[in-house]
Amino acid sequence: MPTSVELSERPRILVVGGGYVGLYVALGLQKKVKVHGGIVTLVDPNPYMTYQPFLPEVAGGQIEARHAVVSHRRHLKDTELINGKVINVDHARRVATVQPESGETFEIPYRDVVMAAGAVTRTFPIPGLAEVGIGLKTIEEAVAIRDSVLDRVEAGSLMTDPAARARALTFVVVGGGFAGIEAIAELEDMVREAVKQNSRVKQSEIRFVLVEAMGRIMPEVTEEQALWVVEHLRSRGIEVLLNTSLADATDGKLKLINMPDKTPADEFETDTLVWTAGVQANPMVRNSDFPIEERGRIRAGADLRITGDEGPIEGAWAAGDNAAVPDLTGNGVGGMCVPNAQHAIRQAKRLVKNLYATRYGVGTVEDYKHESLGAVAGFGSWKGVANIKGLPVVGTIGLKGPLAWLAHRGYHGMAMPTVERKLRVAGGWLGSLFLQRDIAQLENMEDPRAAFVEAASPKK
């Protein structure tokens, strides 16, 4: 290990990843472990946790980007923090290899490890997708989408070539899950507001297209609600193309095909292609000696210990999107918990108790079991859908419109980690309620030195 890296020599619980699971595990263990003379070490490329359900609202100008993330430094004061990527875990030796943001790789020894690397965007080998598409999995992507969409409206309003203008004012989202539906709805709301303030462009020129390969959207809600969502989006002028897949995106010239026969469908051009068609476990988990199931996730038991063919592996834990955790309610796809924030947050809290009980003998080890609370989705101001389960007396209820929107905000406002961040988000919502959403885009974010370079360059 390089001598330039100063690490604590105390017994270490290593947390790989600083998302939902990583943040909550570190929050729950840092003070307890410190009392016993140990330390919690969290490794993540980013110095913050991103509350991903807020990304559509960040892209739509409803939430300030920094308010949708939680600073590790501010809230994990008793945790050893390292900005870098864990590129290998050798549990047989109890060491992990870390690639820092700059400098040489080094090894971190540990006594216990928590695999919480989360998930990444899942893509397919579609020509041109990597060159022109953008995901919606990170805060940086959400900010870039917001600025780019507003820029296209402004630029398109000045274009006189009909084809170029139509391309600039066409916005496409691929994927009909929660992320895709919320994203296209928030963006449409934002663009509608931007058009109202720009006399050079008409709402009739704006084209939004949702592409979904399956025959329905949002499998988390009822069939009736899914049909209502499609009708609602279409009432706002959004084209919802079901049983349709993207076959080619070269140079922004999209070619769509009908599913499942793969016959040619529509062809058109766009400058904005947002990809939300699924996620997969972080591939880094394969760079370990832990058992991996067929979907690329680490095999875990209901008690959240990593489990191989011969039983639980001592000192190894996993939860969240990178873990295949049995769903003891019997409602999970393939018998496993689905990858969402509800499970990740609750698994993390159970993992804290189980790890602490196993390592220090305080408390008891229990299996993780959680009945889904339902699903909530926001489609822009005062619009949404919700399917709330397990209510006393009334059972499950379905909501649409303003009540669903309020349920969406209420749930995610409470689920946002830390009181500090809850207050910032609530303040932003309150501001938007009276001042409308923010439609000011930031220019040259990819090249912030452009103005200085131009000013400092000798004039010819």
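Below, the structure is looked at part by part.

Conventions and cut-offs
- Residues numbered from 1 in each chain as written.
- Predicted model: local features only at pLDDT ≥ 70, side-chain atom pairs only at ≥ 80, totals over all residues.
- Heavy atoms only, no water.
- Core = buried A, V, L, I, M, F, W, Y, C linked by side-chain atoms within 4.5 Å.
- Buried < 20%, exposed > 50% of the residue type's maximum accessible area, 1.4 Å probe, protein only.
- Helix = DSSP H or I, 4+ residues; strand = E, 2+ residues; numbered from the N terminus.
- Contact = heavy atoms within 4.5 Å.
- Phe/Tyr/Trp six-rings, centres within 6.5 Å; stacked < 30°, edge-to-face > 60°.
- Lys NZ or Arg CZ within 6 Å of the ring centre and 35° of its normal.
- Expected span 1.5 Å × (residues − 1).
- Bend = angle between axes of the 7 residues up to and from the residue.
- Pairing = 2+ DSSP bridges.
- Axes fitted to C-alpha atoms, helices over the stretch in contact; angles between N-to-C directions.

A few words now on the nonpolar core. Among the nonpolar cores identified, the biggest contains 110 residues, and V25, L29, V114, M115 and M218 are the most heavily contacted of them. The dominant element in this core, judged by the number of residues it contributes, is helix α7 (residues 178–196), at 10 residues. Dropping the residues within four chain positions of it, V25 is found in contact with V15, V114, A348, L351 and V352. Counting residues in hydrophobic clusters, the runner-up holds 14 residues, among them I126, L256, F268 and L273.

By the definition in use, this model includes seven aromatic pairs. On the numbers, 4.3 Å between centres and 40 degrees between planes, the contact of W382 with W405 is tilted. With W382 in the loop between β23 (374–378) and β24 (384–391) and W405 in helix α10 (residues 402–415), the pair connects residues that are 23 residues apart, well separated along the chain. Its relative accessible area of 42% is what places W382 among the partly exposed residues. An aromatic cluster is present here, built from Y20, Y51, F54 and W429 joined pairwise through their rings. Above the ring of Y356, the side-chain terminus of K32 is found at 5.2 Å from the ring centroid.

Attention now moves to the side chain of R350. Relative to the helices and strands, R350 is located in helix α9 (residues 341–360). Each residue touching R350, except ones within four places of it in the same chain, is listed here: L304, T364, E366, D367 and Y368.

Glancing now at helix α1 (residues 20–35). Compared with an ideal rise of 1.5 Å per residue, which puts 16 residues at 22 Å, α1 spans 24 Å between its outermost C-alpha atoms and is within 8% of the ideal. Considering bend angle alone, the principal kink of α1 is centred on L29 and spans about 40 degrees. Every buried residue belonging to α1 is among Y20, V21, G22, L23, Y24, V25, A26, L29, Q30 and V33, and all of these are buried. Positive backbone phi, at 85 degrees, marks G37, one or two positions downstream of α1.

What follows is about the sheet that holds strand β15 (residues 253–258). Ordered in space as β14-β15-β16, the three strands form an open sheet in which the pairing is antiparallel. Among the strands making up the open sheet, the edge pair consists of β14 (244–248) and β16 (264–269). On average, each strand axis in the sheet is inclined to that of its neighbour by 30 degrees, with strand direction left out of account. Sheet analysis places β14 next to β15, joined by four bridges and oriented antiparallel. Bridging from a neighbouring strand, L246 pairs with L256 of β15.

Note that every value here comes from positions in space, so none of it alone points to a role or purpose.
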